[in-house]
Amino acid sequence: MLHVHDNLQRRKVPFEPREPGRVSMYVCGPTVYDTPHVGHARREVVFDVMRRYLAHAGFEVTYVANITDIDDKIIGRAAEEGRTEPDVAAEFTDVYYREMDRLGIARPDLSPRATEFVEGMIATITELFQHDAAYVIEGKGVYFDTSAADEYGQLVGRSRDELAEGAGQRVEIEEGKRSPLDFALWKSAKPGEPSWPTPWGNGRPGWHTECVAMSLSILGDGFDIHGGGDDLVFPHHENELAQADASGHRFARYWLHNGMVNVDGEKMSKSLGNFTTLAELLDHHAPRAVRLLMLQTHYRRTMEIGHDALVAAAEGLKRLDSMHRRLAAAGLDVAAAPLDADAVARFDAAMDDDFSTPAAVEVVFGLVRRANQALDVDDDITAGSAGHTALQLADVLGLAAGASTASAGEADGIAASIGLRNQARAARDFAEADRIRDELAERGIILEDTADGTTWHRA
RNA sequence: GCGCCGGUGCCCGAGCGGCCCAAGGGAACGGCCUGCAAAGCCGUAAAGUCGCGGGUUCAAAUCCCGCCCGGCGCUCCA
């Protein structure tokens with residue numbers, strides 16, 4: 001049975017979804033004011049893999065991830081560049097999805113935009129007023145009264161007093177707030193900024209409200225998983241939870257947060273240029289290598305990302321891919337081979353333990369080794385089974401081995417070259433054989449001579 | 001300053017009271033295979049203070065205390 005580490009209870013607990021067989025998850029998505037960075041990538045990979053595994057485990061998953069398309073930073077950027085806010089948001093939303101597509105992140109089932117959800121936010125705020133949990137500061141906006149949330153601080157694990165003491169140390173406290181902990185639900189319009197009409201005057205959404213409105217109205221009360229980076233625990237998620245509590249809604253059943261990514265900036269910039277943006281990272285390293293590296297660390301831990309580790313991950317993937325090729329070259333009908341039930345059970349046990357992807361990856365590599373061993377001794381039964389299982393489990397992790405592709409014309413050309421080379425080899429004209437091989441290598445085509453013939457793949 | 005989380009081989013990183021003289025991936029070295037490669041496999045070496053110092057226990061990388069270092073949070077940052 002699946003167990004997850006619920007950050008609210010701060011311990012691993014059995015996962016019991018609201019409805020048997022169905023899982024609803026809401027992950028806090030990006031604010032689209034800039035290009036995504038490596039940290040966004042980890043969040044996406046982490047929750048993408050959870051989603052894949054849940055589906056693999058037989059759940060019907062509904063995955064919602066919002067796009068925050070209106071906020072201070074978007075307004076700031078728009079002003080700076082003399083553009084409109086929707087223009088800025090549209091650009092970076094596109095960039096975001098483009099980069100996540102490269103990483104092989106499946107698109108959410110629903111990706112609500114804050115600006116398309118204003119009605120819902122007004123309804124949420126209205127409800128908070130009805131529960132005496134909101135108040136207006138003239139000219140500033142609508143604020144949430146944290147004293148209305150009895151358990152305020154429960155998620156971050158600190159008392160209201162402790163939090164109040166810390167508040168205002170780093171940022172100035174807005175005048176008129178009843179408590180330094182209170183936060184804006186709705187911000188009054190300032191000249192030149194986008195705004196929407198509400199019963200409390202024109203204005204725009206406060207960040208903490210949109211996720212409550214979207215998650216509850218799309219997934220309903222007591223949805224299953226709420227995810228995000230662990231830097232969002234406070235204040236963002238705490239404030240979401242406070243709103244739900246204050247208005248009498250059961251919020252997420254489980255809170256899952258992924259750890260941060262550290263980039264060894266100095267080392268990184270020397271060897272490759274500073275790729276703190278995801279695009280730069282993916283320009284230098286295979287997306288699957290990035291994914292594998294991320295999965296080799298447990299999702300809750302802080303991880304280090306660096307050139308050497310990325311290269312190591314890419315090398316590891318080569319073993320998976322070459323196994324894939326060897327199976328094909330041996331003419332095995334891998335898909336027809338029975339799965340290794342024992343290995344699948346170990347994989348599932350690993351993932352059931354709070355998505356322990358490092359242990360799951362270990363199972364996959366063990367199978368790769370076993371399949372290769374079997375291939376070495378022509379044990380097709382074992383090779384097929386281990387190989388099939390490895391490929392299927394890798395797919396659950398989003399690491400599916402990809403076949404090298406080529407246009408028909410190119411493939412024919414390569415096949416012809418291989419034919420010529422093999423003729424030369426048969427005639428023991430190794431100089432010519434090596435010349436052909438080198439020529440192909442220059443085009444990025446690597447040849448491998450196996451007992452079952454010569455195969456090729458891209459470098 | 002306060003809170004939370006971490007510090008494990010050359011690198012990344014699992015393990016979190018006995019199965020650990022510490023998984024897995026990569027790098028290194030040797031071998032098998034190969035015309036030579038590549039790929040694969042086998043083996044070897046590599047942590048002997050698992051940040052440092054105390055303590056608990058029959059037993060500690062794993063628990064407790066202190067210290068050092070790093071990350072994150074402390075009002076809009078994944």
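Calculation criteria
- Counting from 1, residues in each chain are numbered in the order their sequence is written.
- Think of it this way: whatever chain is written first is A, whatever ligand is written first is 1, and the rest follow in order.
- Predicted model: local features are reported for residues with pLDDT of at least 70 only, side-chain atom pairs are reported and counted for 80 or more only, and whole-chain, interface and lining totals are derived from all residues.
- Only hydrogens and water are removed before side-chain values are computed, so all heavy atoms of the structure are retained for them.
- By the criteria applied, helices consist of DSSP H or I runs no shorter than four residues and strands consist of E runs no shorter than two, each listed in order from the N terminus.
- Burial classes: relative accessible area under 20% of the type maximum marks a residue as buried, over 50% as exposed, and values in between as partly exposed (1.4 Å probe, protein chains only).
- We call two residues contacting when some pair of their heavy atoms lies within 4.5 Å.
- The charged-residue count follows a simple rule in which Lys and Arg add positive charge and Asp and Glu add negative charge, with His and chain termini not counted at all.
- By convention, charge coordinates are those of NZ in Lys, CZ in Arg, CG in Asp, or CD in Glu.
- Note: pLDDT gives the predictor's confidence per residue, expressed from 0 to 100.
- A cutoff of 4 Å decides nearness: a residue is near a molecule or strand if any of its heavy atoms lies inside that distance of it.
- In protein, a polar contact means a hydrogen-donor-capable atom and an acceptor-capable atom, both N or O and within 3.5 Å, with residues adjacent in sequence counting only if both atoms are side-chain atoms; elsewhere, any N or O pair within 3.5 Å suffices.
- Gly is placed with the polar residues, together with every amino acid not listed as nonpolar (Ala, Val, Leu, Ile, Met, Phe, Trp, Tyr, Cys and Pro) or charged (Asp, Glu, Lys and Arg).
- Multiply 1.5 Å by the residue count of a helix minus one, and that product is the helix's expected span.
- By salt bridge we mean one thing: a side-chain nitrogen of Lys or Arg within 4 Å of a carboxyl oxygen of Asp or Glu.
- Pairing between strands is defined by DSSP: at least two bridges between them are needed.
- For every element, the axis is a line fit to its C-alpha atoms; helices are fit only across the contacting stretch, and the angle between N-to-C directions ranges from 0 to 180 degrees.
- It is the directions from the helix axis to the C-beta atoms whose arc is reported.

Is there a simple way to explain the overall build of chain A in this structure?
In terms of helices and strands, chain A carries 16 helices and 14 strands. If you line up chain A on its principal axes, its C-alpha atoms span 90 × 50 × 35 Å. Looking at chain A residue by residue over its 459 residues, the buried ones come to 49%. Expressed as a percentage of contacts within chain A between residues at least 6 apart in sequence, the contacts between residues at least 24 apart total 74%. Placing the 47 positive and 75 negative side-chain charges of chain A at their respective mean positions leaves the two points 4 Å apart.

What is the right way to read the confidence of the model for chain A from this model?
Detailed reading of the predicted coordinates is not advisable wherever pLDDT is low. Across chain A, the average pLDDT comes to 91, with 95% of residues at 70 or higher. Low pLDDT, under 50, characterises residues 265-274; the stretch is placed with 12 contacts to residues that sit more than four places away or in other chains.

Could you clarify how one ought to interpret the protein's contact with RNA strand B in this entry?
For RNA strand B, the set of nearby residues contains 63 residues, the closest of which are Lys73, Pro180, Gly229, Glu362 and Gln373. Considering RNA strand B, the proportion of its atoms within 4 Å of the protein that are sugar or phosphate atoms stands at 65%. In this structure, alanine 312 approaches RNA strand B through a main-chain N or O atom, which is 3.4 Å from a sugar or linking oxygen. Ranked by residues supplied to the surface near RNA strand B, first place goes to helix H11 (residues 307-329) with 8 residues. Its residues assigned to classes, the surface near RNA strand B shows 19 nonpolar, 18 polar and 26 charged.

I would appreciate a short explanation of helix H6 (residues 207-219) in the present structure.
Side chains that are three or four residues apart share a direction in an α-helix, a result of its 3.6 residues per turn. In this model, H6 (13 residues) spans 19 Å end to end at C-alpha, consistent with the 18 Å of a helix rising 1.5 Å per residue. Buried residues dominate H6, accounting for 10 of its 13 residues. Along H6, the positions that sit buried rather than exposed are His208, Thr209, Glu210, Cys211, Val212, Ala213, Met214, Ser215, Leu216 and Leu219. The positive-phi residue at the C-terminal boundary of H6 is glycine 220, with phi of around 90 degrees.

How should I be thinking about the pattern of salt bridges in this particular structure?
Note that side chains of opposite charge can pair when their charged atoms are close. Under the defined criterion, the tally for this structure stands at 35 salt bridges. Among the salt bridges present, the one from glutamate 19 reaches arginine 22, with a minimum N-O distance of 3.8 Å. In this structure glutamate 19 comes out as partly exposed when scored by relative accessible area, which is 35%. The shortest N-O distance in the salt bridge between glutamate 81 and arginine 77 comes to 3.0 Å. Linking glutamate 81 with arginine 77, this pair stays in helix H2 (residues 72-81), spanning 4 residues, or about one helical turn. Relative accessible area serves as the criterion here: at 36%, glutamate 81 is assigned to the partly exposed category. Given a relative accessible area of 22%, arginine 77 falls into the partly exposed group.

What is the right way to read the sheet that holds strand E7 (residues 183-188) from this model?
Read across the open sheet, the 4 strands follow the order E5-E6-E7-E8; overall the sheet is antiparallel. The open sheet has two edge strands, strand E5 (134-137) and strand E8 (203-205), and neither has a second partner. Between one strand and the next, the sheet's axes are offset by a mean angle of 25 degrees, whatever the strand orientation. Direction of pairing for strand E6 (residues 141-144) relative to E7: antiparallel, over a ladder of 4 bridges.

Would you explain helix H15 (residues 408-426) in this entry?
Between the first and last C-alpha of H15 there are 27 Å, a value that for 19 residues agrees with the 27 Å anticipated at 1.5 Å per step. For H15, the full list of buried residues reads Ile414, Ser417, Ile418, Arg421 and Ala424. End-on, the buried residues of H15 take up no more than an arc of 120 degrees, which puts them together on one face. The exposed set on the far side of H15, more than 90 degrees from its buried face, consists of Ala408, Gly409, Asp412, Leu420, Gln423 and Ala426. Its buried side turned inward, H15 meets helix H16 (430-442), strand E13 (445-450) and strand E14 (453-458).

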